[in-house]
2 protein chains.
Amino acid sequence: MTDAPLPLAGVKVVDLTRILSGPFCSMILGDLGADVIKVESPGGDAVRGQGRIVGGLSWYFAGFNRNKRSITLDLRSDGGKSVLHRLLQDADIVTENFRPGVMAKMGLGPDRLKQINPDLIVVSVNGYGSTGPYADRPAFDFIAQAMSGFMSTNGTRETGPFRAGNPISDLVAGLYAALGAVAALRGREAGGPAQSVEASMMMSTLSMMAYLSSDALASGENPVPTGNDHPIASPYGLFHASDGDIAVSPSTEAICAKFMAELGLSDLLNDPRFDTNAKRLANRPALNARINDVTVGDTQASWITRLNQAGVPCGRVQSMIEVLNDPQVAAQEMVLDVPHPGHGSAKMTGFPVKFSETPLEVRHAAPKLGEHFEIILREAGYSDQEIEQLRAEQMNSGGSR
Amino acid sequence: MTDAPLPLAGVKVVDLTRILSGPFCSMILGDLGADVIKVESPGGDAVRGQGRIVGGLSWYFAGFNRNKRSITLDLRSDGGKSVLHRLLQDADIVTENFRPGVMAKMGLGPDRLKQINPDLIVVSVNGYGSTGPYADRPAFDFIAQAMSGFMSTNGTRETGPFRAGNPISDLVAGLYAALGAVAALRGREAGGPAQSVEASMMMSTLSMMAYLSSDALASGENPVPTGNDHPIASPYGLFHASDGDIAVSPSTEAICAKFMAELGLSDLLNDPRFDTNAKRLANRPALNARINDVTVGDTQASWITRLNQAGVPCGRVQSMIEVLNDPQVAAQEMVLDVPHPGHGSAKMTGFPVKFSETPLEVRHAAPKLGEHFEIILREAGYSDQEIEQLRAEQMNSGGSR
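Residues numbered from 1 in each chain as written. Chains lettered and ligands numbered in written order. Predicted model: local features only at pLDDT ≥ 70, side-chain atom pairs only at ≥ 80, totals over all residues.

**Student:** Let's hear about the overall build of chain A: which residues, and what values?
**Tutor:** When its secondary structure is counted, chain A shows 17 helices and 14 strands. Its C-alpha atoms put chain A at 85 × 50 × 40 Å along the principal axes. By residue count, 56% of the 401 residues in chain A fall in the buried class. Counting only contacts in chain A whose residues sit at least 6 apart along the sequence, the fraction spanning at least 24 positions is 71%. (Helix = DSSP H or I, 4+ residues; strand = E, 2+ residues; numbered from the N terminus. Buried ≥ 20, exposed ≤ 12 C-beta atoms within 10 Å, placed from the backbone. Contact = placed C-beta atoms within 7 Å.)

**Student:** Account for the interface of chain B and chain A, naming residues and giving values.
**Tutor:** It is common to give the size of an interface as the accessible area lost on bringing the parts into contact. Each side of the interface is counted separately: chain B has 122 residues, and chain A has 123 residues. For the side of chain B that touches chain A, the element with the most residues is helix H7 (residues 168–189) of chain B, which contributes 14 residues. Residues of the side of chain B that touches chain A, tallied by class, amount to 69 nonpolar, 42 polar and eleven charged. (Nonpolar A, V, L, I, M, F, W, Y, C, P; charged D, E, K, R; others polar.)

**Student:** Could you give me a rundown of the sheet that holds strand S9 (residues 237–241) of chain A, with the residues and numbers involved?
**Tutor:** Residue and element names in this part refer to chain A. Pairing is antiparallel in the open sheet, where three strands are placed in the order S9-S10-S11. Bordering the open sheet on either side are S9 and strand S11 (314–315), each of which pairs with just one other strand. Here five bridges tie S9 to strand S10 (residues 244–248), and the two strands are oriented antiparallel to one another. Note that in S10 the partner of His240 across the bridge is Asp245. In the packing of helix H12 (residues 284–295) onto the sheet, contacts are made with S9 and S10, and the angle to S9 comes to roughly 40°. (Pairing = 2+ DSSP bridges. Axes fitted to C-alpha atoms, helices over the stretch in contact; angles between N-to-C directions.)

**Student:** If you had to explain the relation of the copies chain B and chain A to someone new, which residues and values would you point to?
**Tutor:** For these two chains of identical sequence, chain B goes onto chain A by a turn of 180° and a shift of 0.0 Å along the axis, with RMSD 0.0 Å. Between the two chains, the operation in question is that of a two-fold axis. Comparing interface residues between copies, 100% of those in chain B also lie at the interface in chain A; the contact surface is shared. (Least-squares fit on C-alpha atoms with pLDDT ≥ 70 in both.)

**Student:** How would you explain the pairing of strand S2 (residues 35–40) of chain B if you had to name every residue and give the values?
**Tutor:** Residues and elements named next belong to chain B. The buried fraction of S2 amounts to six of the six residues, a majority that puts the element mostly inside the structure. With burial as the criterion, each face of S2 is covered, one bearing Asp35, Ile37 and Val39 and the other bearing Val36, Lys38 and Glu40. Direction of pairing for strand S1 (residues 12–15) relative to S2: parallel, over a ladder of four bridges. Bridge assignment links Val13 to a residue of S2, and that residue is Val36. Regarding topology, helix H1 (residues 21–31) serves as the crossover connection from S1 to the parallel S2, and that connection is right-handed. With four bridges joining them, S2 and strand S5 (residues 69–72) adopt parallel strand pairing. Of the residues in S5, the one forming a bridge with Glu40 is Thr72. (Right-handed = clockwise from strand over helix to strand, strands pointing away.)

**Student:** Report on the domain arrangement of chain A, specifying residues and quantitative values.
**Tutor:** Splitting chain A by domain gives domain 1 (12–209 + 328–394) and domain 2 (237–321). Relative to domain 2 of chain A, the C-alpha centre of domain 1 of chain A lies at a distance of 43 Å. (Domains from an automatic or database assignment.)

**Student:** Outline the sheet that holds strand S9 (residues 237–241) of chain B, listing residues and values.
**Tutor:** All names here are of chain B. Strand order in the open sheet formed by three strands is S9-S10-S11, with antiparallel pairing between adjacent strands. Sheet topology places S9 and strand S11 (314–315) at the edges, where each strand pairs with a single neighbour. Alignment of strand S10 (residues 244–248) against S11, held across two bridges, turns out to be antiparallel. Bridge pairing links Val248 to Cys314 in S11.

**Student:** Please give an account of helix H3 (residues 78–89) of chain A that cites residues and values.
**Tutor:** Residue and element names in this part refer to chain A. Over its twelve residues, H3 extends 17 Å from the first C-alpha to the last, a length consistent with the 16 Å expected when each residue adds 1.5 Å. Inspection of H3 places Gly80, Val83, Leu84, Leu87 and Leu88 among the buried residues, and these make up the whole buried set. All buried residues of H3 project into a common sector of 135° when viewed along the axis, lining one side. Exposed positions of H3 whose direction lies more than 90 degrees from the buried face are Asp78 and Ser82. In the core, the buried residues of H3 are packed alongside strand S1 (12–15), strand S2 (35–40), strand S6 (93–96), helix H5 (110–116) and helix H17 (384–394). (Expected span 1.5 Å × (residues − 1). Arc of directions from axis to C-beta.)

**Student:** Can you break down the environment of Asp74 of chain B residue by residue, with the values?
**Tutor:** Residue and element names in this part refer to chain B. The topology assignment puts Asp74 in the loop between S5 and helix H3 (78–89). For Asp74 and Met395, which are 321 residues apart along the polypeptide, the C-alpha to C-alpha distance reads 8.1 Å. Not counting residues within four places of it along the chain, the set of residues in contact with Asp74 comprises Ser41, Pro42, Gly80 and Gln394.

**Student:** An account of unusual backbone geometry is requested, with residue identities and associated values reported.
**Tutor:** At the junction of Ser234 of chain A and Pro235 of chain A, the peptide bond is cis and its omega measures out at 0° in the coordinates. Along the chain, Pro235 of chain A falls in the loop between helix H9 (210–219) and S9. With a phi close to 50°, Glu333 of chain A is a non-glycine residue in the positive phi region. Assignment of secondary structure puts Glu333 of chain A in the loop between helix H15 (327–331) and strand S12 (335–339). With a phi close to 55°, Asn67 of chain B is a non-glycine residue in the positive phi region. Inspection of the secondary structure puts Asn67 of chain B in the loop between helix H2 (59–64) and S5.

**Student:** Could you give me a rundown of the nonpolar core, with the residues and numbers involved?
**Tutor:** Ranked by size, the top nonpolar core spans 242 residues in total, and within it Leu29, Leu179 and Ala181 of chain A together with Leu29, Leu179 and Ala181 of chain B carry the most contacts. Every residue in contact with Leu179 of chain B, bar those within four places of it in the chain, is listed here: Leu175, Ala178, Leu179, Val182 and Val353 of chain A. (Core = buried A, V, L, I, M, F, W, Y, C linked by C-beta atoms within 7 Å.)

**Student:** Help me get a handle on the packing of H3 of chain A against H17 of chain A, residues and values and all.
**Tutor:** Residue and element names in this part refer to chain A. Two elements in contact, H3 and H17, have axes whose closest approach is 10 Å; the angle formed by their N-to-C orientations is 120°. In this view, H3 runs oblique relative to H17, as classed from their interaxial angle. Seen from above, H3 lies across H17 with left-handed handedness. Facing Gly79, Gly80 and Val83 of H3, the residues of H17 in contact are Leu390, Glu393 and Gln394. (Parallel < 35°, antiparallel > 145°, perpendicular 65-115°, else oblique. Left-handed = near helix turned anticlockwise from the far one by under 90°.)

**Student:** Kindly report on the environment of Asp90 of chain A, identifying the contributing residues and their values.
**Tutor:** Residue and element names in this part refer to chain A. Note that Asp90 resides in the loop between H3 and S6. With 14 C-beta atoms counted inside 10 Å, the residue Asp90 sits in the partly exposed group. Along the sequence, Asp90 and Leu120 sit 30 residues apart, while their C-alpha atoms lie 8.2 Å from each other.

**Student:** Requested: an account of H7 of chain B, with residues and values cited.
**Tutor:** Residue and element names in this part refer to chain B. Between its first and last C-alpha, H7 extends 31 Å over 22 residues, near the 32 Å set by a 1.5 Å rise per residue. Taking burial as the measure, the 22 residues of H7 include 20 buried ones, the bulk of the element. Trailing H7 by a residue or two, Gly191 shows a phi angle of about 110°, which is positive.

**Student:** Kindly report on the environment of Ala139 of chain B, identifying the contributing residues and their values.
**Tutor:** Structurally, Ala139 of chain B is set in the loop between strand S7 (121–126) and helix H6 (141–147). Measuring from C-alpha to C-alpha, the distance between Ala139 of chain B and Asn292 of chain B comes to 44 Å, with 153 residues separating the pair along the chain. Contact partners of Ala139 of chain B, with chain neighbours within four places excluded, come to Pro313 of chain A together with Asn126, Gly127, Tyr128, Ala144 and Met201 of chain B.

**Student:** Break down the confidence of the model for chain A for me, citing the residues and quoting the values.
**Tutor:** Here chain A averages 96 in pLDDT, while 98% of its residues score no lower than 70. The ipTM assigned to the predicted complex is 0.98, against a pTM of 0.98. (pLDDT = per-residue confidence, 0-100.)

The following block contains the structure:
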């Protein structure tokens, strides 16, 4: 570790986002080193009251709002608007995840923002994009999972489509928006224009469909939902060890041969029912039965070690608790324990991108509502007297949450 | 649209990745404006032969390798290594998704790369991270979905865990790696160090678990897989219209009230079985039955219009084919039709991040194997004679695929 500056050192982000997709985007910018000023209504981001609360703190809020500072502003008031304008004047990036058009209604349309600060990069996360017939629809993760085609490919014909248990559309859109923000910043600093960037939940999720979308475009046919089986590879999927299932994915003929060899079933690859991948697909139940007869004779842990050593990707379906206690997760520092003064310490997942010279860290725990009200205003050039007056106006329903 | 430079204009990427997670990362860098030189073994990226083939072209390959140029190099040969070194000398970024340690075995460990080009940013995508007990395991998307906890939260107790139908762990890791690459570039250009960046499939997927991980950390308990129901909101999920299901997610009490009002069921919110969210959760089957009695009386399209207008997020589970023909997808230009000389044109999904001043576009269709062999070598300063000699050495098994 060095004292080298973080990748986004010196970058100022004014963050108007709330709930999940937008705050995930601004958290990533904060993790990368930006100064993120989270502007909250006096009532605070609703997520402050959501998820499990420990010692008065939502660990869900804590996990998605680290590396931010908080100021409350009532953006319906003239005073609040005036402070926001001043904050935007020397910001690099503003982030928002209102419905398209709401920023303009708040007096913050593109032209006005350009007037306030011609160098400002405007980053928006929304449901469907800001143009097109669905632009005005209210968005929610579940609906984006449904509309994007993602759900239709999960589960089996018997179960019908399934959403992912996690809010994947929110998070993928937030991640794309963060990428767009950093790219636009680099472009501006390299001499290009300051510009607006947006990512939508539906289109972001659609962009992740990989061969499911390309094959559908090429064939005009929908993919068949195959559950945990691979649509075009066999053997593949979950098999029974003595103490639970193992997940095995031999992705090539060569790895398939290694898998069968490790099972002592190499001869099956000469069996006329199983001697090509196409036949193994057609006779999947019979093949899986033969494999399960062997795998049931040893433990998950033993198979995972043996098969990986043989070059066959293998693991198991870990529960959240198992993952959070996994030795690899510990080695990768993916569970952080972060002190939150007044609330004890909160655990949260860590940084999935590793930088060799500037490792990311939690420089600020998630802020209390309005915690940085005074310092942010002072940095913006407000006098003590102005700050006292603004405090009375802009923090009236907050501060204790 | 202007002639302004794309966000990553002037950035040179040497791309050693193959299959999916790495090529997705390098495609994003290419989409953003970088010059991406895809270095392929003389046999070519295996994806050239995967997925649906139309007119001799894999649309899967085409969709993940646009905005790249291709050169073949046999990196086991001295000649191939020598060319690669020369390409790296003035590159900004090198991308790779070998198993950890393979780059070092190829003579491209961190110290050697620093020697070749001290300003080079090294971007790696792998399965589990390059340190820790699983670092050496072979990786595959399905296993990362299983090991990260993602699968355990999909489906229901009855169905057991489900993977997502798409290779979500590959793609999320690739997207994080692209973000890391652009951030590291910005950091270097702002005066920070050139550094190595890595993203792993398991940790990237874990980082997307949101309240499922934070609640598990806070409570010590695993989330219950609730399928398409929301674990802590009711009503929510799929309901029956006259011609198929609709997906509805009233995420707050206020939106729930709007939903019930639009159904003409506002009185149920005064019913002692349904007058709080907790009671509605406990009596979900009875509530859903009452809702389905109403929703079955109108069509999907009508409910989607009515509910969204009332402020209630609503959609339907679209198949891939439906999504690809969706008017919003068209308005967002999310299906592109890209000419590939010699193969007709190939359709692919578009750009999920929209830039107001520098819209992204397909500047190069996915390259034929080795298509840019000569021009890339010429740009690197090789003479005609050297190029002819290298062509004989480095393209021997390729060129026609």
